[in-house]
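# Analysis of the macromolecular model
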Amino acid sequence: MPGKVTSPFCHQALSNRGQHSISYTLSRSHSVIVEYTHDSDTDMFQIGRSTENMIDFVVTDTAPGGGAAEGPSAQSTISRYACRILCDRRPPYTARIYAAGFDASSNIFLGERAAKWRTPDGLMDGLTTNGVLVMHPAGGFSEDSAPGVWREISVCGNVYTLRDSRSAQQRGKLVENESNVLQDGSLIDLCGATLLWRTPAGLLRAPTLKQLEAQRQEANAARPQCPVGLSTLAFPSPARGRTAPDKQQPWVYVRCGHVHGYHGWGCRRERGPQERECPLCRLVGPYVPLWLGQEAGLCLDPGPPSHAFAPCGHVCSEKTARYWAQTPLPHGTHAFHAACPFCGAWLTGEHGCVRLIFQGPLD
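Residues numbered from 1 in each chain as written. Predicted model: local features only at pLDDT ≥ 70, side-chain atom pairs only at ≥ 80, totals over all residues. Heavy atoms only, no water.

We apply this condition: UniProt positions are given in the numbering used here, feature names are shortened, and annotations may be inferred rather than shown by experiment.
Going by an unreviewed UniProt entry, the protein carries the name E3 ubiquitin-protein ligase pellino-like and comes from Pontoporia blainvillei. Listed under Sequence similarities (unreviewed entry) in UniProt, the entry text for the protein is "Belongs to the pellino family."

## Some points on the overall build of the protein
Defined as follows: For the purposes of this entry, the term helix denotes a DSSP run of H or I that reaches at least four residues, the term strand denotes a run of E that reaches at least two, and both are numbered from the N terminus. The buried label applies to any residue whose accessible area, calculated with a 1.4 Å probe on protein chains only, is under 20% of its type's maximum; exposed applies above 50%, and partly exposed to all values in between. Note on contacts: a residue pair is in contact if any heavy atoms of the two residues lie within 4.5 Å. Note on areas: Shrake-Rupley with a 1.4 Å probe; residue coverage comes only from the protein chains shown.
Scanning the protein for helices and strands turns up 4 helices and 25 strands. Looking at the protein as a whole, 48% of its 363 residues are labelled buried. A sequence separation of at least 24 residues applies to 57% of the contacts in the protein between residues at least 6 apart. Accessible area of the protein: about 18,300 Å², with a carbon and sulfur share of 51%.

## Regarding the packing of aromatic side chains
Selection rule: Working definition: rings of Phe, Tyr and Trp (its six-membered ring) pair if their centres are within 6.5 Å, and the pair is stacked with planes under 30 degrees apart, edge-to-face with planes over 60 apart, and tilted otherwise. Here, a charge over a ring is recorded when the distance from Lys NZ or Arg CZ to the ring centre is within 6 Å and its angle to the ring normal is within 35 degrees.
All told, the structure shown has 11 aromatic pairs when counted by the stated rule. Arranged with centres 6.0 Å apart and planes meeting at 75 degrees, the rings of Y36 and F102 form a pair that is edge-to-face. Linking Y36 in strand β3 (residues 30-38) with F102 in the loop between β7 (95-99) and β8 (107-110), this pair joins segments that are 66 residues apart in sequence. Considered together, Y36 and F102 belong to a single accessibility category, that of buried residues. Counting every residue linked through ring pairs, the aromatic cluster contains W251, Y253, Y262 and Y287. Of note, R171 hangs over the ring of W117, and the distance from its end group to the ring centre comes to 4.4 Å.

## Here we look at a nonpolar patch on the surface
Heads up, the rule is: The residues that make up patches have over 30% relative accessible area and no salt bridge, and they are joined within 9 Å when like-charged or within 5 Å when they are Val, Leu, Ile, Met, Phe, Trp or Tyr. Here, a salt bridge means any side-chain nitrogen of Lys or Arg that lies within 4 Å of a carboxyl oxygen of Asp or Glu.
Together, V228, W265 and L280 give the surface a local cluster of nonpolar side chains, amounting to about 270 Å² of exposed area. Structurally, L280 can be placed in the loop between β18 (275-277) and β19 (284-289). L280 gets classed as partly exposed once you look at its relative accessible area, which sits at 45%.

## Thoughts on the pattern of salt bridges
Pairing between side chains of opposite charge can happen when the charged atoms of each approach one another. Within this structure, the stated rule accounts for 12 salt bridges. Between E178 and R151 there is a salt bridge, and its shortest N-O distance comes to 3.0 Å. One end of the pair, E178, is in the loop between β13 (159-160) and β14 (187-189); the other, R151, is in strand β12 (residues 150-153), with 27 residues separating them in the sequence. Classification of E178 by relative accessible area gives partly exposed; the value is 32%. Of the charged contacts, one joins E152 and R163 as a salt bridge, the two residues approaching to 2.7 Å between their closest N and O atoms. You can see E152 sitting in strand β12 and its partner R163 sitting in the loop between β13 and β14, a full 11 residues away along the chain. R163 gets classed as buried once you look at its relative accessible area, which sits at 8%. Overlapping salt bridges, with partners in common, bring together D184, R198 and R205 in one network.

## Overview of the side chain of S145
Formally: For the purposes of these results, a polar contact is taken to be a pair of N or O atoms within 3.5 Å, where, inside protein, one atom must be able to donate a hydrogen and its partner to accept one; residues adjacent in sequence count only when each atom of the pair is a side-chain atom.
For S145, the position within the fold is in the loop between β11 (132-135) and β12. On the basis of relative accessibility, which here comes to 13%, the residue S145 falls in the buried class. In this structure the side chain of S145 is engaged in a polar contact, spanning 3.5 Å, whose partner is the backbone nitrogen of F141. In this structure S145 touches A138, G139, G140, L300 and Y323, once residues within four positions along its chain are discounted.

## Looking at unusual backbone geometry
Negative phi is the rule for most residues except glycine; trans is the rule for most peptide bonds. Residue P92 is bonded to the preceding P91 through a cis peptide linkage, with omega at 5 degrees. Its place among the elements puts P92 in the loop between β6 (83-88) and β7. Cis peptide bonds are those with omega within 30 degrees of zero, and the linkage from A310 to P311 qualifies with 15 degrees. Following the sequence through the fold, P311 ends up in the loop between β21 (307-309) and β22 (314-316). Non-glycine residue L230 carries a positive phi angle of around 60 degrees.

## As for the pairing of strand β2 (residues 21-27)
A regular strand places its side chains so that they alternate between the two faces of the sheet. This is how the line gets drawn: A pair of strands is considered paired only if DSSP assigns at least 2 bridges between the two.
Burial runs high along β2: 5 of the 7 residues are buried. Examined bridge by bridge, β2 and β3 share 6 bridges and lie antiparallel to one another. By the bridge assignment, Y24 is partnered in β3 with V32. Counting the residues between successive antiparallel strands, the hairpin from β2 to β3 contains 2 residues. As defined by bridge partners, β2 adjoins β8 across 4 bridges and the pair is classed as parallel. By the bridge assignment for β8, S23 is matched with F109.

## Focus on helix α4 (residues 318-325)
Taken residue by residue, α4 has T320, A321, Y323, W324 and A325 as its buried positions. Looking at the buried positions of α4, the neighbouring elements they touch are β11, β14, β15 (194-196), β21, β22 and β25 (353-355).

Written out as structure tokens, the structure is:
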């Protein structure tokens with residue numbers, strides 16, 4: 001893994017694939033090249049849109065609803081060489097994140113338009129075009145978690161407040177009391193995809209797929225019923241996948257949380273094909289099938305599936321639902337939206353999620 005050294009700046013570094021370097025272009029006639037040297041105590045992993053061999057984890061843009069962004073209007077905003085993560089080889093295996101990744105020639109190029117500056121100690125630093133943002137949750141990634149504050153990480157791993165817009169040339173303010181060390185539950189935003197960082201210790205405390213399956217079976221064992229059709233409802237097995245809902249699939253009115261079986265009445269077509277009037281409380285809103293969120297690493301606790309995200313209908317525990325509903329994820333150059341962690345759909349409504357109201361069997 002490379003570590004910075006104060007070696008003479010020379011253009012030979014750009015043509016030497018065995019020499020990692022960062023080139024800061026200050027003007028058409030003036031560039032500063034910082035050479036790096038290998039460090040036997042760390043490993044480097046690179047993340048980006050490029051499918052070249054030097055990228056260890058290839059990421060693509062995600063569209064709200066879980067689909068991939070497609071078409072000519074969906075040009076990717078994720079950098080080919082978005083960021084790099086340096087992990088210590090010795091306990092506690094600390095991982096640090098840095099903006100930008102090295103290309104096939106082992107170089108990082110910051111063009112004339114990229115934000116760059118000389119630090120008080122005389123070294124160079126800079127930001128990538130669309131930036132690498134990181135948010136560390138308060139209280140760790142656990143039942144007591146709360147969203148933290150989004151920061152921007154520089155090429156040298158320093159922490160800054162956000163720019164006025166995503167690609168502004170003026171950097172934010174240096175945050176001296178924070179570091180680029182990744183924590184369990186840290187979110188990494190690459191302007192088009194947001195990644196969740198989980199540590200081995202954190203995953204040991206996380207709910208398992210076996211526990212989530214036990215919660216599903218326990219919920220089905222309670223034999224919830226449709227309060228109108230009186231049919232028994234059941235969450236489908238994950239093995240069936242998210243296909244067309246079957247006749248036992250629970251559906252929910254996401255404004256009120258009343259759970260029903262599927263029915264065709266109550267449509268309000270003037271408001272959209274999904275808008276229905278709940279027969280129990282008369283609230284009008286989206287009427288969607290319920291799907292259990294099956295990615296255990298996104299769950300804060302193994303609690304019962306009591307809440308659903310609105311409007312997508314993914315179901316999880318109350319603490320998991322409330323955490324993600326309160327976590328704003330970057331979108332575009334200025335906006336932030338809370339999103340379902342299971343499918344990426346933007347959350348709607350006052351709280352972004354709703355408590356499910358089941359009716360038990362009448363016998």
